[in-house]
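# Fold and geometry: a report
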Amino acid sequence: MPEPVLELQGLEVRYGSVPAVRGLSLEVGNGEIVGLIGPNGAGKSTTLHAIMGAVPAHAGDVRLHGRSIRGRPPERIARAGVALVPEGRRIFSDFTVEENLRLGLAGRRKRNGADPLQQAYDLFPVLHEFRRRSAGALSGGQQQQLAIGRALVAEPEVLLLDEPSLGLAPMAVDAVFEALRQIREREVTILLVEQRALHTVALADRTHVLAGGELRLTLGPADAANKDKIIAAYLA
Amino acid sequence: MIVAALDFQTVSDAVATGAVYALMAVGIGLVFGVLRLVNFSYGQLIMAGAYTLAFTSGWPVWASVSTCFAVVIAISLAMELTVFRPLRGQSPAVMLVTTFAIAFLLQAVALIVDLRNDFIGEVATSISALNEAITVGGVEIRKVTIVAIGAAIVALVLLALLLTRTTIGLHTRAAAADFRTARLLGVRVNRVIMFTVVLSGVLAAAVAVILTVQVPLVSPDFALHDTIIVLVGVVVGGLDRLWTATLGGFAIGFASGMINGALPTDNTVYLPSVLFGIVILVLLLRPAGLFSWGRRASAERV
Amino acid sequence: MRRYVEGAVQLLGPVALVVVVGILSTTVSSANRIYFLNALVSVAMVVAIYVFVGNSGVLSFGQISFVAVGAFAAGVMTVPLDSKKGVLTELFPLLRDHSIGNIPSLLLAAGIGGLFALVVGLPLMRLSGLAAGIATFALLEITHNILQQWTKIGPGATTLSLVPQTTGAWQATLGALVAIAGAFAYQRSRLGRQLRASREDPAAAQGIGVDVHRQRLWAFTFSGALAGFAGALSVHLLGSITTDQVYLELTFLTLAMLVFGGLTSLWGAVVGALAISGLDSFLGQAEQGVHIGFKLDLPTGSRLVFLAAIMALVLILRPSGLTGGGEFRIPGLRRAGPREEAPAPPA
C-alpha cells in the first residue's frame, strides 16, 4: 500500500450523548480512492465533517501526512490541502459559475503553476461554456460538476466527496464516476462517501462498509461482481 | 394628506433622509449577513462619531473627519472582539439583547463624558458651512442635502464594486450566503468578519458626518431613534439580502422624511401610526421582505 | 405524585423570593420602600412578557403596549370623579363621568390588556422570527402614538396624575404572586405544554397536531392580560404616569431582565427582574454614597454604565442567563427524566 496521506485513528464523534462514529480507523494512501458505504445514519457524512473540523471529534485522531489536524477550524484544514465536495452540492446559486470556482481558490496553498480554473474547465467543459451564468441556472448534474470543480481548483491533496451522485439522473451519475477516474490520474487522494455501493466498490481501491458508526467490512474491486456479498454486508 | 406637503424642499429632504438611512441599512445589513446578528448598538457608533466631530470642532476639517472615522472604526472593531465574537452561535434574542446592553453602556458613557461641562449636548460646527442653502433652478436647497445624496450614492457604488470585484468581497458575499460552506472551502471567516465590521464602521462614520451637519447638536441619544427606524426598514425591505435591506432603509427614511415635513394638523399627528400600520401590513403579506421577489436566479447579492 | 412534588418545588423558588422582597419592603424607610415595590411590579411585568416570549420562543417588543393600555385604563378610571371632570375634560362622557375602585380597576386592566392582545394577535401571531419582532415593535409605536394623541381616551401627551396610590406592600406582593401563579398554571397546562413543544421544534409540533398559530395566540392573549394587570399595579404604585414611561425604555429594560434571568423559565423571569431592579437601586444608592463595609461612592451617572456593563458581561459569559433557563430546583433533589441537549447533526 502507498504511504498513507490521510489516516483516521479510533475516531469518535458524538451528538450530545448519542454516538455517531465509534472508534473508526482507516487509511487512504497517496493517489488511492477509498470508498465508504453504508446505510443512512451509519456515520459516513459525520466522518467527513469530523475530518474537516466542522464537528468536533470526541476521541481519536485525524492525521494528514502523519500530522494531527484534529481540533483545527475548517478553514485551516481546507487550506492544509483537504477539500470537501459537500452533500447536496452547496453551490452558491446566486453567484456566477466562475465566482463559485474562484471561491474554491480560498483553499489553495500554492500560488504558482497552471491556472487552476482552466484545469477545472478542461475537466468539465460545460462549466467554461456557462461561466458567466448564475450557478442556480445549471442542471443538477452540472451543479455537481461545479461542486467538484470548485473543490479541485484548491488543488487539494485529499478530496472528500459526500454522496456526489445523490439525486442525479443515471447518465449524470456515470459522468460523476467518470470524472473521479480522471481525477485519480492526477494523483489526488480520494475518500468517497456513497450510497451507490456497486459503482463505488468497482471504482475504489478499497471500500469500507460502515454501519452504526462502526467499520463492518472491507471490500476490494474484485467484490464488485459479488452482489450478494455487498448486500449481505449492508444487512450485517 | 401627504400630497399637501409635496413641495420640493420636503421631497429633497426626504430623499436625503432616505439616502442616510440607506447607508445605515447597509452597515446593519452587512454585519447581519455575515454574523446573523442584529446590531442594535449601531446607532451608538454614529453617536460616538458625532461626539468626536463635536470635540474636534476647532480642528481643520480633514483632521476632524479622519479622527471621527478612526474612532468609529476602532469602537466597531472593539465591539467585534469583545462582544460579537464570544456571542457567535448564540440565539438571536441573546445577541440582540446583548447589543441593547452595549448600546445603553455607550450611551451612559457618553452621558458622563458630555456632563463634564455640566450641560447635556455638544455642538459640532466644523463643517456646518454645508448647512447653507444654495439656489438650484429657482428653488432653495441646503448644500448638505446634495452632499448627503451624493455621498450615499458614491458610498453604495464603491461598496458594490468592493463586494463584486475583489476577492475579499467575494468571500464576504459567500460567508453571508452560506457561512458554513464558505468555511469548508477555506474562506478565512475571521478575516471576513473583521472586514465587514470595519466596513460597517466606515459607513457609521460617514453617517455621523452627514447627520452632524443636518443636526449639529449632539447628545447621548444621537441617532438612536434613526437606528430603530432603520432596523424596522431593513426587516421590512428584507434583511436576507443586502440590496433589499438597503432599499428598505431608503424607503422608510423617505417615508419618515415626508411625515416630518407634513404640517401638523389634527390628522397628521397620527401619521406615525399609519406608517407603522403599513409596516405591519407589509410584514403580514411579505414576511420575508417587501423587495424579496422570490429567488430570482440572476439576483446578485450586493 | 412525583409530578406534583416537582411542580411544587419549582413554584417554591419564585414565590419565596417574592414574599421575602415583600416582607423586606415593610422593614425599610418609606423613602426606600419604592425600590422594593417597584421590583415587585417589575416581576409582574417580566413574568407577563415571559408567558408569551419564554413559552413561544418568539421575540416580542410589543408587550409593553398592554402594560401601557392597562396602566392608562386603570389610571383614568380611578381618578376621583370631582378632579377628573376638571382635568380630563376631553374624555368620552362614559369615561369622564364614571370612576371605579382599586380591585375593579385591576380586573379591568387585565381584561382590556387581554382583549387588545387577542385582537392584534389574531393577525400578528402568523409571524415569527425577525418579522414578528418588528411587527410587535410597530404595535408598540402605534399604541404609543395613539395614547399620546387621542385625548378622548386619556390624558394625551400630558401627565396623568391623581391616581390613587393603592399599590403598597400587600398589593405589590400579591400582584406579583398572582402573575407568577397564573404563568405557572399556564405553562403546566396542556396549552402551555403544547406551545413549549412548538418552541423546541415547530415543524414536529405541527406534525403531532399542535396548532402553533392558535397556541401562540392563547399565550399572547394571556400575556396581554397579565401585562395589563401589571400596568395597573404600576400606575397605582406611582400615582401618575406619562406615555413615555411605558414605551421604549421600559420595553428594553423588561426584555433585558427576562434574558438576563433566563429566557425560557419562570424562575429566570423572576430572578432577572429582581436582580436587575436590585442592582439598579443599589447602584443608584451608591451614587449617593453607601456603606458596605467600606464607603462606596460612585460618580454621578455611573449607575447606568455599571448596570449596562454588568448586563453585557453576564450575557457574554452566560448567554442562557443567570438561571441557565431552567426552573427552580433544590440541589440534590432528583429530577424525573433528565434531558440532555444534543446539537443537531450536520445536514
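See the structure printed just above.
In what follows, the accompanying structure is described. All figures in this text were calculated on a predicted structure; none of them were measured in a lab.

## Some points on the overall build of chain C
When helices and strands are counted, chain C shows 14 helices and two strands. The globule rule puts the C-alpha radius of gyration for 347 residues at 20 Å, and the 21 Å found for chain C is close to it. Here the C-alpha coordinates of chain C stretch approximately 65 × 55 × 40 Å along the principal axes. Residues classed as buried in chain C amount to 54% of the 347 residues present. Taking the intrachain contacts of chain C between residues at least 6 apart in sequence as the baseline, contacts between residues at least 24 apart amount to 77%. Of the roughly 14,900 Å² of accessible surface on chain C, a fraction of 65% belongs to carbon and sulfur atoms. Of the charged side chains in chain C, 22 are positive and 16 negative; the average position of the first set lies 10 Å away from that of the second.

## Concerning the pairing of strand 6 (residues 82–85) of chain A
Residues and elements named next belong to chain A. Neither face of strand 6 is left uncovered, since the one carrying V82 and L84 and the one carrying A83 and V85 both have all their residues buried. With four bridges joining them, strand 6 and strand 7 (residues 158–162) adopt parallel strand pairing. Within strand 7, the position partnered with A83 by the bridge is L159.

## Overview of unusual backbone geometry
Residues and elements named next belong to chain A. Of note in the backbone geometry, R89 takes a positive phi value of approximately 70° without being a glycine. Here R89 is to be found in the loop between strand 6 and helix 3 (97–104). Accessibility expressed as a relative area gives 16% for R89, which makes it buried.

## Here we look at the interface of chain B and chain C
If you look at the interface, chain B gives 38 residues, while chain C gives 38 residues. Carbon and sulfur atoms supply 84% of the area that chain B and chain C bury against each other, a total of about 3,200 Å² over both sides. The tally of links between chain B and chain C comes to zero salt bridges. The tally of links between chain B and chain C comes to three residue pairs in polar contact (both at pLDDT 80 or more). Among the secondary structure elements, those contributing two or more residues to the side of chain B that touches chain C are helix 3 (61–87), helix 4 (92–114), helix 9 (224–237) and helix 11 (271–285) of chain B. Sorting elements by how many residues they give to the side of chain B that touches chain C places helix 4 of chain B first, with 13 residues.

## Here we look at the interface of chain A and chain B
In this assembly, 22 residues from chain A lie in contact with 24 residues from chain B. Taken together, both faces of the contact between chain A and chain B bury some 2,100 Å²; the carbon and sulfur share is 57%. Among the residues of chain A in contact with chain B, E75, F92 and D94 of chain A are the three that bury the most area, contributing 28% of the side total. Across the contact surface, chain A and chain B share four salt bridges. Ionic pairing is found between R241 of chain B and D94 of chain A, a salt bridge with its closest N-O pair at 3.3 Å. For the side of chain A that touches chain B, the secondary structure elements donating two or more residues are helix 1 (44–52), helix 2 (74–79) and helix 3 of chain A. In the side of chain A that touches chain B, the residues fall into 10 nonpolar, five polar and seven charged.

## Observations regarding the sheet that holds strand 2 (residues 18–29) of chain A
Across a sheet, paired strands are connected by hydrogen bonds in the backbone, their directions being either parallel or antiparallel. Residue and element names in this part refer to chain A. One open sheet holds the four strands; their spatial order is 2-1-4-5, and the pairing between them is antiparallel. Across the chains shown, the open sheet's two edge strands, defined by having one partner strand only, are strand 2 and strand 5 (67–68). Sheet analysis places strand 1 (residues 4–15) next to strand 2, joined by eight bridges and oriented antiparallel. Among the inter-strand pairings, R14 is bridged to a residue of strand 2, identified as P19.

## Focus on the side chain of T181 of chain B
Checked against the element boundaries, T181 of chain B lands in helix 7 (residues 179–184). The exposure class assigned to T181 of chain B is buried, which follows from its relative accessible area of 4%. In this structure, T181 of chain B is in contact with R90, F92 and R150 of chain A, ignoring residues within four places of it in sequence.

## A closer look at the nonpolar core
Counting residues in each nonpolar core, the largest one holds 198 residues, and the members touching the most others are I46, V279 and L283 of chain B together with V43 and V47 of chain C. Of all the elements, helix 2 (residues 30–56) of chain C adds the most residues to this core, at 15 residues. With residues near it in sequence (within four places) discarded, V43 of chain C still touches V18, A176, I180, V270, A273 and L274 of chain C. V97, L127, V176 and I183 of chain A belong to the second-largest nonpolar core, a separate cluster that totals 37 residues.

## Quick look at helix 12 (residues 248–261) of chain C
All names here are of chain C. Here helix 12 spans 20 Å end to end across 14 residues, near enough to the 20 Å set by a 1.5 Å rise per residue. With 12 of 14 residues buried, helix 12 is to be regarded as a mostly interior element. Taken as a whole, helix 12 has its buried residues at L248, L250, T251, F252, T254, L255, A256, M257, L258, V259, F260 and G261.

## Looking at the environment of A132 of chain C
All names here are of chain C. Relative to the helices and strands, A132 resides in helix 7 (residues 129–149). Residue classification places A132 among the buried positions, given a relative accessible area of 4%. Here the alpha-carbon distance between A132 and Y35, two residues 97 residues apart in the chain, equals 33 Å. The residues contacting A132, other than those within four sequence positions of it, are V58, L59 and L127.

## A look at a nonpolar patch on the surface
On the surface, a cluster of nonpolar side chains totalling about 450 Å² of accessible area is made up of I153, V154, V157, L158 and L161 of chain B. Tracing the backbone shows L161 of chain B in helix 5 (residues 143–165).

## Comments concerning the packing of helix 2 of chain C against helix 8 (residues 169–188) of chain C
All names here are of chain C. In the contact formed by helix 2 and helix 8, the axes pass within 8 Å of each other and the chain directions differ by 15°. On the basis of the axis angle, helix 2 is roughly parallel to helix 8. Helix-helix and strand crossings are classified by hand; for helix 2 and helix 8 the assignment is left-handed. Residues L37, L40, V43, A44, V47, Y50, V51 and N55 of helix 2 touch helix 8, and the partners they reach there are A169, A172, T173, A176, A179, I180, A183, Y186 and Q187. Taken together, the residues of the contact of helix 2 with helix 8 break down into 14 nonpolar, three polar and no charged.

## Let's talk about the environment of I146 of chain B
Residue and element names in this part refer to chain B. With respect to the helices and strands, I146 occurs in helix 5. Measuring from C-alpha to C-alpha, the distance between I146 and D13 comes to 9.3 Å, with 133 residues separating the pair along the chain. Contacts of I146, omitting those with residues within four sequence positions, involve I134 and I141.

## Quick notes on the pairing of strand 7 of chain A
All names here are of chain A. Summarising burial for strand 7: five of the five residues are buried, a large majority. Every second residue of strand 7 is oriented toward a common face, with V158, L160 and D162 on one face and L159 and L161 on the other, all of them buried. Examined bridge by bridge, strand 7 and strand 8 (residues 189–194) share five bridges and lie parallel to one another. Counted as the bridge partner of L161 is L192 from strand 8.

## As for the pattern of salt bridges
Residues and elements named next belong to chain A. All chains considered together, the criterion is met by 20 salt bridges over all chains. Note that D205 is salt-bridged to R184, the shortest N-O span being 3.5 Å. Placement of the pair is D205 in the loop between helix 8 (197–203) and strand 9 (206–211) and R184 in helix 7 (residues 170–185), with a sequence separation of 21 residues. When its relative accessible area of 31% is taken as the criterion, D205 is described as partly exposed.

Reading the values: rules and limits
Residue positions within a chain follow its written sequence, with the count starting from 1. Working convention: letters from A go to chains and numbers from 1 go to ligands, in the order in which they are written. This being a predicted model, a pLDDT of at least 70 is required before a residue's local features are given, and a value of 80 or more before pairs of side-chain atoms are given or counted; all residues contribute to the totals for chains, interfaces and linings. In computing side-chain values, all of the structure's heavy atoms are included and hydrogens and water are not. A run of H or I in DSSP counts as a helix once it spans at least four residues, and a run of E counts as a strand once it spans at least two, with each numbered from the N terminus. Put simply, the radius of gyration uses C-alpha atoms, and a globule should come to 2.2 Å times the residue count raised to 0.38. We call a residue buried when its accessible area falls under 20% of the maximum for its residue type, exposed when it is over 50%, and partly exposed in between, using a 1.4 Å probe and counting protein chains only. Every residue pair with non-hydrogen atoms within 4.5 Å of one another is taken to be in contact. Shrake-Rupley sampling with a 1.4 Å probe provides the accessible areas, and residues are treated as covered by the protein chains on show and by no other component. Think of it this way: Lys and Arg go in the positive column, Asp and Glu in the negative one, and His and the chain ends go nowhere. Note on charges: their place is set at NZ of Lys, CZ of Arg, CG of Asp or CD of Glu. Each pair of strands is called paired provided DSSP finds at least two bridges between the two strands. Note on terms: buried area is the combined drop in 1.4 Å-probe accessible area of two parts once they are placed together, counting the loss on both. Salt bridges are identified by distance alone: a Lys or Arg side-chain nitrogen within 4 Å of an Asp or Glu carboxyl oxygen. Under the rule applied, a polar contact is a pair of N or O atoms within 3.5 Å (in protein, one hydrogen donor and one hydrogen acceptor; residues adjacent in sequence only if both atoms are side-chain atoms). Gly falls in the polar group here, along with every residue not listed as nonpolar (Ala, Val, Leu, Ile, Met, Phe, Trp, Tyr, Cys, Pro) or charged (Asp, Glu, Lys, Arg). We define the nonpolar core as a collection of buried residues of types Ala, Val, Leu, Ile, Met, Phe, Trp, Tyr and Cys that are connected through side-chain atoms lying within 4.5 Å of one another. Take the residue count of a helix, subtract one, and multiply by 1.5 Å to get its expected span. To count toward a patch, a residue needs a relative accessible area over 30% and no salt bridge; like charges are then connected within 9 Å, while nonpolar side chains (Val, Leu, Ile, Met, Phe, Trp, Tyr) are connected within 5 Å. Lines fitted to C-alpha atoms define the axes, with helix axes restricted to the stretch in contact, and inter-axis angles between N-to-C directions lie between 0 and 180 degrees. Convention used here: angles under 35 degrees read as roughly parallel, angles over 145 as roughly antiparallel, angles from 65 to 115 as roughly perpendicular, and any remaining angle as oblique. Definitions for this section: a left-handed crossing has its near helix turned counterclockwise from the far helix by less than a right angle. A right-handed crossing has that turn clockwise.

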